[in-house]
Amino acid sequence: MDFFSPELLALMFAAGFFAGFVDAIAGGGGLITLPVLLTVGLSPIQAIATNKLQGSFGTFSATLNFVRKGHLDIRVWILPIILTFIGAASGVVVLRSVDSSFLVNAIPFLLIAIAIYFLFQRKLGEDDRHQRISRNVFAFFFGTGIGFYDGFFGPGTGSFFTLAIVTLLGYNMLKATAHAKLLNFTSNFASLLFFILSDSLVWSVGLIMACGSVAGGYLGAHMTMKHGARIIRPLLVLTSILMTVKLIHSNPDHILARFWDQWVVSLLDVFLS
């Protein structure tokens, strides 16, 4: 396939831009880019690896914007960064020898829980709240754990980081999103290094999408700082739902897919007949 045709260049740049914009606010940019990468002819492993390349650029752009505007101080987050990096690198290593199908089945339930939680906790994240655990404890358990998940599987990582930071560290939604981007960039970058070593990247595609992702990530971070929880919460709920639908659609044997086919569709037929 000609990756340098004007039409395909425009598609990849636009996908990267939109993914970077959404990811900077609520996470879930891979929901946009992975289908595009598969559509243009990349194999699944090439698509995942190339997505980490453009995702690293996008999350770096968003993180840099948050740092410049004073919404996060990297110096006091060194331990979470280190442990997230180690967790993500470990996830990539384990991925090569372990079946990830159990995560495909479990993650939709977690994403639905996140959507419901933020949907009904309307005041959550508007202001700083009581801190439940120390930053070091957070780093050991959630930096390492969510970082491992991103290296091993990936969908919803930004949402998981945001939820953990809001509920456990008590940050408001804007600060939580800023720090989630920092850790998400760390896990993306760690995964990217291992994919580079395995020679799975399609550099021409990834760099084109990365250009769009940088612009989208910068703009998304700006929108987050301007509107705060008013824009983060709705997009977080929406992306969690869309990621759930995407994962279920990709796995028709999932229990939720069977429930939809057997019960929801039948009820709709009854009401519409």
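A short tour of the structure in this document, coming up.

What counts as what
Each residue is numbered by its place in its chain's sequence as written, counting from 1. Owing to the predicted nature of the model, reporting of local features is limited to residues with pLDDT of at least 70; listing and counting of side-chain atom pairs is limited to 80 or more, with chain, interface and lining totals taken over all residues. Side-chain metrics in this entry use all non-hydrogen atoms of the structure; hydrogen atoms and water are not considered. Each helix is a run of DSSP H or I of at least 4 residues and each strand a run of E of at least 2, with the numbering of both proceeding from the N terminus. Accessible area is worked out with a 1.4 Å probe on protein chains only. A residue is then buried under 20% of its type maximum, exposed over 50%, and partly exposed in between. Working rule for contacts: check all heavy atoms of both residues, and any pair within 4.5 Å makes them a contact. Reported accessibility uses the Shrake-Rupley method at a 1.4 Å probe radius. Residues are deemed covered only where the shown protein chains occlude them. By nonpolar core is meant a set of buried Ala, Val, Leu, Ile, Met, Phe, Trp, Tyr and Cys residues that side-chain atoms within 4.5 Å join together. Here a polar contact is taken to be a pair of N or O atoms separated by no more than 3.5 Å, where protein atoms must pair a possible hydrogen donor with a possible acceptor and residues adjacent in sequence count only if both atoms sit in side chains. The length a helix should cover is 1.5 Å for every residue beyond the first. Patch membership requires more than 30% relative accessible area and the absence of a salt bridge. Residues of like charge join within 9 Å; the nonpolar side chains Val, Leu, Ile, Met, Phe, Trp and Tyr join within 5 Å. Here, a salt bridge means any side-chain nitrogen of Lys or Arg that lies within 4 Å of a carboxyl oxygen of Asp or Glu.

## Examining the overall build of the protein chain
For the protein chain, the count of helices and strands is 11 helices and 0 strands. When the helices and strands of the protein chain are read in sequence order from the N terminus, they spell out α-α-α-α-α-α-α-α-α-α-α. With 273 residues in all, the protein chain has 50% of them scored as buried. Long-range contacts, defined as pairs at least 24 residues apart, comprise 82% of the intrachain contacts of the protein chain with a sequence gap of at least 6. As displayed, the protein chain has an accessible area near 13100 Å², and 70% of this comes from carbon and sulfur atoms.

## Brief notes about the environment of Phe 60
Here Phe 60 is to be found in helix H3 (residues 44–68). For Phe 60, a relative accessible area of 42% corresponds to the partly exposed category. Put simply, Phe 60 and Leu 182 are 122 residues apart on the chain and 7.5 Å apart in space, counted from C-alpha to C-alpha.

## Focus on the nonpolar core
Ranked by size, the top nonpolar core spans 29 residues in total, and within it Phe 66, Trp 77, Phe 138 and Ile 165 carry the most contacts. If we ignore the near neighbours within four places in the chain, the residues touching Ile 165 are Trp 77, Phe 138, Gly 170, Tyr 171, Ala 176, His 179 and Ala 180. The next biggest cluster of nonpolar side chains, apart from the first, holds 12 residues, and it includes Leu 8, Met 12, Leu 37 and Val 205.

## Side note on the side chain of Asn 188
On the secondary structure map, Asn 188 appears in helix H8 (residues 173–197). A distance of 3.3 Å separates polar atoms of two side chains, one belonging to Asn 188 and the other to Lys 52. Every residue in contact with Asn 188, bar those within four places of it in the chain, is listed here: Lys 52, Gly 55, Ser 56, Thr 59 and Asp 150.

## Topic: helix H7 (residues 157–169)
Helix length check: H7 (13 residues) gives 17 Å between terminal C-alpha atoms against 18 Å at 1.5 Å per residue, within 8%. Where burial is concerned, most of H7 is hidden: 12 out of the 13 residues are buried. In the segment just after H7, Gly 170 is the residue with positive phi, at about 75°.

## Let's talk about the side chain of Thr 186
Topologically, Thr 186 is positioned in helix H8. Apart from residues no more than four positions distant in its own chain, Thr 186 is found in contact with Ile 81, Thr 84 and Phe 85.

## A word on a nonpolar patch on the surface
A cluster of nonpolar residues, Phe 57, Phe 189, Leu 193, Ile 196, Trp 203, Leu 207 and Val 214, forms a patch on the protein surface that exposes about 550 Å² of accessible area. Counting only elements with at least two residues in the nonpolar patch, the list comes to H8 and helix H9 (203–227). Its place among the elements puts Ile 196 in helix H8.

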